[in-house]
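The residues making up each chain are set out below.
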Amino acid sequence: MTDFSATRAAFHIPDGVIYLDGNSLGPLPKTAARRVSEVVTQEWGDHLIKGWNDCGWMDMPMRLGDRIGRLIGAEPGHVVVGDTLSIKVFQALAAAIKLNPDRRVILSDTGNFPSDLYMAEGLISLLGPDYDLRLVAPEDVSAAITEEIAVTLITEVDYRTGRKHDMAALTKKARAHGVVTVWDLAHSAGAIPVDLRGVGADFAVGCTYKYLNGGPGAPAFIYVSPDHAEKALPALSGWLGHDSPFAFDLGYRAGAGVSRMRVGTPPIVQMAALEAALDIWDGVDLQDVRNRSIDLSERFVAGVEAHCPGLVLASPRDPAQRGSQVSFRFEHGYAAMQALIANGVIGDFRAPDMMRFGFAPLYLDEDDIDAAVDTLRRVITDRLWETPEFQRKKAVT
Ligand SMILES: *Cc1c(COP(=O)(O)O)cnc(C)c1O
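Residues numbered from 1 in each chain as written. Predicted model: local features only at pLDDT ≥ 70, side-chain atom pairs only at ≥ 80, totals over all residues. Heavy atoms only, no water.

Looking at an unreviewed UniProt entry, one finds the protein chain named Kynureninase, with Marivita hallyeonensis as its source organism. Per UniProt, the protein chain has the following entry under Sequence similarities (unreviewed entry): "Belongs to the kynureninase family." For the record of the protein chain, the UniProt heading Function (unreviewed entry) holds the text "Catalyzes the cleavage of L-kynurenine (L-Kyn) and L-3-hydroxykynurenine (L-3OHKyn) into anthranilic acid (AA) and 3-hydroxyanthranilic acid (3-OHAA), respectively." (UniProt positions renumbered as here; feature names shortened; annotations may be inferred.)

Rendered as structure tokens:
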């Protein structure tokens with residue numbers, strides 16, 4: 001059993017704050033500040049360039065990849081960390097589409113995160129006019145998987161509504177039709193159990209600054225299944241994905257397995273923060289997280305529906321059909337969220353009218369949920385959202 005009081009104590013949550021936005025940026029693990037400081041002052045400061053050899057810096061992308069791999073059901077040695085998620089989407093897609101050379105269509109859905117779709121568009125602009133990105137409604141993805149499709153690019157949990165795809169069923173259907181799958185786990189890793197090996201996924205990508213709590217700008221990860229690891233080419237063929245970077249050959253030769261998905265110099269300071277966050281995950285069972293996240297989110301939904309008139313649930317009502325977040329539509333959602341934040345409950349807003357709340361059992365409990373519902377009730381019934389300062393849109397919503 002996961003000890004949630006121990007995980008809660010491992011995070012710095014400012015006094016008076018209830019944090020329901022760990023689905024956008026996880027909070028600070030208390031050990032991260034010290035770890036980052038050690039890497040800066042002792043490793044960088046004292047070891048200088050020798051740090052790459054002496055301090056294990058060069059192995060960090062694979063070492064951290066394996067620790068994340070455990071949380072997403074990946075085989076050891078098949079996940080590597082680096083770059084941003086958008087970059088990793090591009091690499092996975094570029095590699096996947098080359099594995100299906102007779103097909104031309106990338107299938108995704110209208111609930112996907114825009115950057116994933118923009119990356120697909122960018123790739124297609126390089127591949128040529130006979131390639132196509134086909135978008136269907138999330139509930140129509142299964143029917144749209146046909147022999148015409150080269151690659152599916154699906155984010156398991158919808159960033160706005162929290163709607164969760166049936167990853168096992170879609171992967172099975174894709175395999176039966178010769179379609180290569182790319183799964184985006186941005187809102188899955190650290191939120192729900194994922195079994196990449198069990199479902200037979202081909203590629204997966206995700207970020208580490210959301211539920212994994214790696215810090216702002218923490219690097220992304222990419223998984224390539226053992227079936228493809230020695231065949232898939234990264235498209236962004238950087239020197240650190242080369243078989244022998246320090247031979248400085250003039251031609252590219254892909255490195256072993258998923259390590260070829262490395263591009264350039266890894267951000268060691270940022271990775272140190274991620275490593276501290278992953279220490280907390282070592283004692284955590286994702287099924288425990290899932291059970292508790294369902295309890296907390298169900299409690300929240302029931303409280304909001306009982307006390308906050310005008311808010312309409314935008315997420316699936318059945319918790320089995322959701323990830324670890326819940327959204328409500330509200331006409332004055334942006335201002336209401338600003339008022340809520342000003343009163344110590346932090347969620348976020350997604351256009352046009354969604355108030356979004358993430359549930360991370362590592363640092364939230366029932367009392368937090370009840371207090372958050374009570375504050376939201378005050379914001380709505382006392383019309384705190386009418387205050388002019390809450391109406392002004394900021395750059396990040
Ligand atoms: C958060 C998120 C991103 C963000 O990509 P970055 O390159 O890390 O900024 C991309 N895709 C999905 C599905 C996301 O949820």
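Participant: Just to check I follow, could you spell out the packing of aromatic side chains for this structure?
Facilitator: Aromatic rings considered in pairs are described by the distance between their centres and by the relative angle of their planes. Under the defined criterion, the tally for this structure stands at 12 aromatic pairs. On the basis of an interplanar angle of 20° and a centroid distance of 6.1 Å, the ring pair of tryptophan 239 and phenylalanine 248 is categorised as stacked. Consider the rings of phenylalanine 330 and tryptophan 385, whose centres lie 5.9 Å apart with planes at 80°: the pair is edge-to-face. Here phenylalanine 330, found in the loop between β12 (325-329) and α12 (333-342), pairs with tryptophan 385, found in the segment after α13 (366-381); they are 55 residues apart in sequence, far enough to count as distant. Classification of phenylalanine 330 as buried rests on a relative accessible area of 8%. (Phe/Tyr/Trp six-rings, centres within 6.5 Å; stacked < 30°, edge-to-face > 60°. Helix = DSSP H or I, 4+ residues; strand = E, 2+ residues; numbered from the N terminus. Buried < 20%, exposed > 50% of the residue type's maximum accessible area, 1.4 Å probe, protein only.)

Participant: Would you take a moment to explain the site of the ligand for this structure?
Facilitator: In the vicinity of the ligand, the contacting residues are Thr84, Leu85, Ser86, Phe113, Asp116, Thr155, Asp184, Ala186, His187, Tyr209 and Lys210. A distance of 3.2 Å separates an oxygen atom of the ligand from a polar atom in the side chain of threonine 84. In this structure, aspartate 116 approaches the ligand through a side-chain N or O atom, which is 2.7 Å from a nitrogen atom. About the coverage of the ligand: the protein hides 86% of its 390 Å² of free accessible area. If you map the ligand onto the pockets, it falls in the largest pocket. (Near = heavy atom within 4 Å. Polar contact = N/O pair within 3.5 Å; in protein donor to acceptor, adjacent residues only side chain to side chain. Areas by Shrake-Rupley, 256 points an atom, 1.4 Å probe, with all protein chains shown as cover. 1 Å grid on protein atoms, 1.4 Å probe; cavity = no way out; pocket = protein on both sides within 12 Å on 5 of 7 lines; lining within 4 Å. Sits in = over half its atoms within 2 Å of the grid points.)

Participant: What is the right way to read the domain arrangement of the protein chain from this model?
Facilitator: Interfaces are frequently sized by the accessible area removed from exposure as the parts join. Split into domains, the protein chain comes out as domain 1 (4-30 + 285-391) and domain 2 (32-281). Computed over C-alpha atoms only, the centres of domain 1 and domain 2 are separated by 28 Å. With 33 residues of domain 1 in contact, the opposing surface of domain 2 contributes 25 residues. Taking both sides of the interface into account, the surface hidden between domain 1 and domain 2 amounts to around 2,300 Å²; carbon and sulfur atoms contribute 63%. On the domain 1 side of the contact with domain 2, Pro29, Leu286 and Gln325 bury the most area, a combined 23% of that side's loss. At the boundary of domain 1 and domain 2, one finds zero salt bridges. At the boundary of domain 1 with domain 2, the tally comes to 13 residue pairs in polar contact (both at pLDDT 80 or more). Going through the elements one at a time, β3 (28-29), α11 (286-307), β12 and β15 (354-358) are the ones with two or more residues in the side of domain 1 that touches domain 2. The biggest single contributor to the side of domain 1 that touches domain 2 is α11, with four residues. (Domains from an automatic or database assignment. Contact = heavy atoms within 4.5 Å. Buried area = accessible area lost by both parts, 1.4 Å probe. Salt bridge = Lys/Arg side-chain N within 4 Å of Asp/Glu carboxyl O.)

Participant: Before we go on, may I ask you to explain the layout of surface pockets in this structure?
Facilitator: One way to see where empty space is left: roll a probe the size of a water molecule over the atoms. By volume, the largest pocket amounts to about 510 Å³. Every residue lining the largest pocket is counted, 27 residues in all, and those nearest its centre are Ser24, Asp348, Arg350, Arg356 and Val396. Of all the secondary structure elements, the ones that give two or more residues to the lining of the largest pocket are α5 (85-98), α6 (114-127), α12 and β14 (348-350). Across the lining of the largest pocket, the residue classes tally to nine nonpolar, 10 polar and eight charged. Split by domain, the residues of the lining of the largest pocket number at least three in each of domain 1 (4-30 + 285-391) and domain 2 (32-281). (Points joined across faces, edges and corners; volume = space filled by probe spheres on them. Nonpolar A, V, L, I, M, F, W, Y, C, P; charged D, E, K, R; others polar.)

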